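# Coordinate inspection notes
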Amino acid sequence: QVQLVESGGGLVQAGGSLRLSCAASGSIFSINTMGWYRQAPGKQRELGATTTGSSSSSTTTYAEAVKGRFTNSRDNAKNTVYLQMNSLKPEDTGVYYCNADIKQMRQSYGWRSYWGQGTQVTVSS
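Now for a description of the structure that goes with this document. It should be emphasised that the depicted structure is a prediction, and the values quoted were computed from it without experimental measurement.

## Side note on the sheet that holds strand β1 (residues 2-7)
Strand order across the open sheet formed by 4 strands is β1-β3-β8-β7, with antiparallel pairing between neighbours. Each end of this open sheet is capped by a strand with a single partner; those strands are β1 and β7 (70-75). The sheet shows a mean angle of 15 degrees between the axes of neighbouring strands, taken without regard to direction. The pairing of β1 with strand β3 (residues 18-26) spans 6 bridges and is classified as antiparallel. Each residue of the ladder has a partner; that of V5, found in β3, is A23.

Right under this line is the structure:
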């Protein structure tokens, strides 16, 4: 089995910063895409930032709303992804969910999507 555990959420004033962490654990063979989605109150879940590929060759996709402010990074040795969030705005408020496409060891199926439980980010005016 595979688990994703997020941490680092909290309350911050507009213009402040937070750093989210997500660690994957379990019978992991490899991780393809790993990153973050967020869900604002009353809205559907949307892309935040994800990174695909190995440390030697990877690409990161950012939602337009967070470009230039958020940075997604991965520590592949620890199966961990970080989201550095700077210049936070009230509209960044929501639950941030870690997501990873993972191949498990000793399994015949391919990539499978896993989700963390979410961590709350609240940005006050």
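## Brief notes about the environment of Q13
The topology assignment puts Q13 in strand β2 (residues 10-13). As for Q13 and S87, which are separated by 74 residues in sequence, their C-alpha atoms are 9.5 Å apart. Those residues within four positions of Q13 in sequence are excluded, and the remaining contacts are V123 and S124.

## Concerning the nonpolar core
Counting residues in each nonpolar core, the largest one holds 26 residues, and the members touching the most others are L4, M34, W36, L83, M85, Y96 and I102. At the level of secondary structure, the elements contributing two or more residues to this core comprise β1, β3, β4 (28-39), β8 (80-85), β9 (94-104) and β11 (119-124).

## Section: the packing of aromatic side chains
Under the counting rule described, the total for this entry stands at 1 aromatic pair. Sitting above the plane of the Y97 ring, R45 keeps its charged end 3.6 Å from the centroid. Lying over the aromatic face of W115, R45 brings its terminal NZ or CZ to 4.7 Å of the ring centre.

## Observations regarding the state of the cysteines
What the rule picks out here adds up to 1 disulfide. Disulfide pairing places C22 opposite C98 at an S-S distance of 2.0 Å. Handedness of the C22-C98 disulfide follows from its S-S torsion of about -85 degrees: it is left-handed. Taken together, the residues span a long stretch of sequence, with C22 in strand β3 and C98 in strand β9 at a distance of 76 residues.

## Description of the side chain of E6
Tracing the sequence through the fold places E6 in strand β1. Despite its burial, E6 remains without a salt bridge, the nearest opposite charge being carried by R45 at 7.7 Å. Of note is the side chain of E6, whose polar atom sits 3.0 Å from the backbone nitrogen of Q117.

About the cut-offs
- Residues numbered from 1 in each chain as written.
- Predicted model: local features only at pLDDT ≥ 70, side-chain atom pairs only at ≥ 80, totals over all residues.
- Heavy atoms only, no water.
- Pairing = 2+ DSSP bridges.
- Helix = DSSP H or I, 4+ residues; strand = E, 2+ residues; numbered from the N terminus.
- Axes fitted to C-alpha atoms, helices over the stretch in contact; angles between N-to-C directions.
- Contact = heavy atoms within 4.5 Å.
- Core = buried A, V, L, I, M, F, W, Y, C linked by side-chain atoms within 4.5 Å.
- Buried < 20%, exposed > 50% of the residue type's maximum accessible area, 1.4 Å probe, protein only.
- Phe/Tyr/Trp six-rings, centres within 6.5 Å; stacked < 30°, edge-to-face > 60°.
- Lys NZ or Arg CZ within 6 Å of the ring centre and 35° of its normal.
- Disulfide = S-S within 2.5 Å.
- Lys, Arg positive; Asp, Glu negative; His and termini not counted.
- Salt bridge = Lys/Arg side-chain N within 4 Å of Asp/Glu carboxyl O.
- Polar contact = N/O pair within 3.5 Å; in protein donor to acceptor, adjacent residues only side chain to side chain.

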